[in-house]
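Secondary and tertiary structure notes
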Amino acid sequence: MSYVRLSGVTHHEPGNAHDSYILFTGADSITRLIDLAGTVVREWPFAGVPPRIIDPALNGGRIGDIGVQLSESGDARGGIYANGTVGQLTWAGDTVWEWGTQAPGGAARQNHDWELLPNGNRLLLVTVPRVVPDLGAMTVGDQGLFEVDPDGAVVWQWLAGDHLHEFGFSEAGWEALRATAARDPEDPWGYLEMNSAKSLGPNTWHDADPDTVFRPDNILVSFRKADIIALIDKTSGAIVWQLGPYFDEVPGAQHQRINVHKVPRPVDQISGQHNPHMIAPGLPGAGNILVFDNQGGAGYPPAPLGIYAGSRILEIDPATEQIVWQYTAEDSRRPSWTFFSSFVSNAQRLPNGNTLITEGMRGRIFQVTPDGAVVWEYHSPYEGYGVAGEPEVREPRVPGVDRLTLTPLVYRAQSVPFDWVPDGAAQAVDGRATT
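Residue numbers run consecutively from 1 along every chain, following the written order of its sequence. Only residues with pLDDT of 70 or above have their local features reported here, since the model is predicted, and side-chain atom pairs are shown and tallied only from 80 upward, although totals for entire chains, interfaces and linings are computed over all residues. Only hydrogens and water are removed before side-chain values are computed, so all heavy atoms of the structure are retained for them.

Considering the overall build of the protein chain
Secondary structure summary: the protein chain contains 3 helices and 30 strands in total. The reference for a compact globule is 2.2 Å times residues^0.38; the radius of gyration itself is calculated from the C-alpha atoms. Taking 2.2 N^0.38 as the reference for a compact globule, 435 residues should give roughly 22 Å; the C-alpha atoms of the protein chain span a radius of gyration of 21 Å, in line with that estimate. In terms of its C-alpha atoms, the protein chain occupies a principal-axis envelope of roughly 60 × 60 × 50 Å. Accessibility here uses a 1.4 Å probe with only protein chains present; expressed as a share of the type maximum, an area under 20% marks a residue as buried, one over 50% as exposed, and anything in between as partly exposed. Relative to its full complement of 435 residues, the protein chain shows a buried share of 57%. Any pair of residues with heavy atoms lying within 4.5 Å of one another is described as a contacting pair. Sequence-distant contacts, at least 24 apart, represent 58% of the contacts inside the protein chain between residues at least 6 apart. In the form shown here, the protein chain has an accessible surface area of approximately 17,400 Å², with 53% of it arising from carbon and sulfur atoms. Helix numbering and strand numbering both begin at the N terminus, where a helix is a DSSP run of H or I of at least 4 residues and a strand a DSSP run of E of at least 2. The method behind every accessible area is Shrake-Rupley, applied with a 1.4 Å probe, and residues are considered shielded solely by the protein chains displayed.

Digging into the pairing of strand S19 (residues 289-293)
Most of S19 sits out of view: 5 of its 5 residues are buried. Residue alternation in S19 divides its side chains into two sets, Ile289, Val291 and Asp293 and Leu290 and Phe292, and both sets are buried. Only strands joined by at least two bridges in the DSSP assignment are considered to pair. As paired strands, strand S18 (residues 274-278) and S19 are joined by 3 bridges and run antiparallel to one another. From the neighbouring strand, Met278 faces S19, where its bridge partner is Ile289.

Some points on a nonpolar patch on the surface
Patches here are clusters of residues that have more than 30% relative accessible area and form no salt bridge, with a 9 Å joining cutoff for like charges and a 5 Å cutoff for nonpolar side chains (Val, Leu, Ile, Met, Phe, Trp, Tyr). The term salt bridge refers to a side-chain nitrogen of Lys or Arg lying within 4 Å of a carboxyl oxygen of Asp or Glu. Where nonpolar side chains cluster on the molecular surface, the patch consists of Tyr385, Leu404 and Leu406 and spans about 310 Å² of accessible area. You can call Leu406 partly exposed: its relative accessible area is 44%.

Quick look at the side chain of Glu315
Assignment of secondary structure puts Glu315 in strand S20 (residues 312-317). Given the relative accessible area of 6%, Glu315 is considered buried. Of the polar contacts made by the side chain of Glu315, one reaches the side chain of Arg349; its length is 2.9 Å. What Glu315 contacts, discounting residues up to four positions off in sequence, is Ile279, Gly285, Asn288, Ile289, Leu290, Gln322, Ile323, Val324, Trp325 and Arg349. By the criterion applied in these results, polar contacts are pairs of N or O atoms within 3.5 Å in which, for protein atoms, one can donate a hydrogen and the other can accept it, and in which residues neighboring in sequence qualify only through two side-chain atoms.

Observations concerning the pattern of salt bridges
Taken as a whole and judged by the stated rule, the model has 24 salt bridges. Residue Lys198 is joined to Glu115 by a salt bridge in which the shortest nitrogen-to-oxygen separation is 3.2 Å. Here Lys198 is found in strand S13 (residues 194-199), whereas its partner Glu115 is found in strand S9 (residues 110-116), with 83 residues between them in sequence. Its relative accessible area of 33% is what places Lys198 among the partly exposed residues. Of the charged contacts in the structure, one is a salt bridge between Asp233 and Arg215, with a shortest N-O distance of 3.6 Å. In this pair, Asp233 is assigned in the loop between strand S15 (228-232) and strand S16 (239-243) and Arg215 in the loop between helix H2 (204-208) and strand S14 (219-223), connecting sequence segments 18 residues apart. In this structure Asp233 comes out as buried when scored by relative accessible area, which is 12%. Assessed through its relative accessible area of 25%, Arg215 is described here as partly exposed. Via salt bridges that share partners, Arg265, Asp268, Asp293 and Arg312 belong to a single interconnected network.

A closer look at the sheet that holds S18
With respect to topology, 5 strands assemble into an open sheet ordered S17-S21-S20-S19-S18, the strand pairing being antiparallel. Each having just a single partner strand, strand S17 (265-266) and S18 make up the two edges of the open sheet.

Okay, here's the thing in structure tokens:
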């Protein structure tokens with residue numbers, strides 16, 4: 001008997017859902033653009049971590065360009081080591097920019113995030129294998145940021161291992177961090193698992209006070225394994241604003257945390273979070289920080305997690321550090337554990353006030369209204385094999401522990417405006433129609 005799971009569009013309320021295209025990479029390592037009917041409009045035979053259709057305003061007005069990973073590094077560890085070159089393709093699939101062979105070490109090792117900047121450079125989240133003295137004498141996968149100009153030169157860089165003492169780890173936290181790094185220095189996801197980086201861009205805080213820490217070129221980053229969201233000052237490299245790694249908690253309160261729905265309230269915890277970013281001007285909630293709080297195991301030392309497992313989307317006022325809006329499955333009148341992705345995933349605010357959510361480990365992409373009603377839902381039918389369900393790790397490393405499993409995982413989805421792609425977008429791919 002074969003295993004049956006939901007696939008394709010399972011719910012759609014056209015009058016309430018924000019209409020757009022949706023871009024994502026399936027677990028089969030193919031990137032697809034679909035409409036809300038689930039029809040494939042365009043596909044590219046490359047994975048993106050994440051893929052992203054580029055805003056034409058940043059791209060000289062050209063529409064339909066996409067960023068993906070173009071080649072593999074050949075590093076058997078996979079994960080943060082796997083990428084060889086990253087690049088930009090036109091809608092027709094022509095390469096207009098590729099970077100990696102000229103990178104330090106001869107491979108881009110781009111992972112988790114990237115961004116085309118207003119100045120034409122690219123901000124890339126990368127991995128740099130090196131010794132981090134604060135962790136010991138072994139080589140680890142340090143992660144950080146490169147700003148790369150159009151010619152491929154690295155013009156700015158920031159590495160997490162140079163800033164560990166700014167993160168506020170307790171003595172017990174340092175012990176746990178060092179022990180974790182020493183136990184598995186070749187961990188394919190890194191000792192901090194830096195999983196997002198996004199420049200703030202124009203925002204209401206800077207408009208009101210040019211001396212604020214929320215300058216447009218400062219960069220919001222996330223360290224999944226450390227339960228830290230931090231803001232990097234682009235000029236000095238210092239951490240100038242931070243959430244985590246620790247929060248005031250009453251023992252036992254973690255068992256009710258996922259069900260607390262009163263807002264506003266102080267941020268009570270983040271654990272294993274993904275994709276914190278500042279909501280852009282013109283969107284509901286502009287200036288607040290939206291984050292997918294996985295509530296997956298993480299932290300140095302580990303954060304307490306509750307009995308009622310579930311993920312949540314948090315919208316946080318960065319000035320007051322209060323939760324001003326949230327989503328859990330209970331907002332859709334379902335038990336908290338019916339919405340849960342302990343790793344990967346993201347959320348995106350839409351122009352009509354809805355939020356697009358990627359429940360990544362299940363391959364579920366859905367849209368909710370401000371009061372939590374699900375108005376569109378899609379389950380990726382595209383599966384692939386990976387260690388622990390991670391398609392980016394294809395070879396078992398630890399005998400008796402690692403093995404390949406079939407997974408529908410989607411790392412991150414993007415809502416794409418119709419005017420960001422050519423009119424009559426459905427085109428032939430490899431000689432066959434996609435609609």
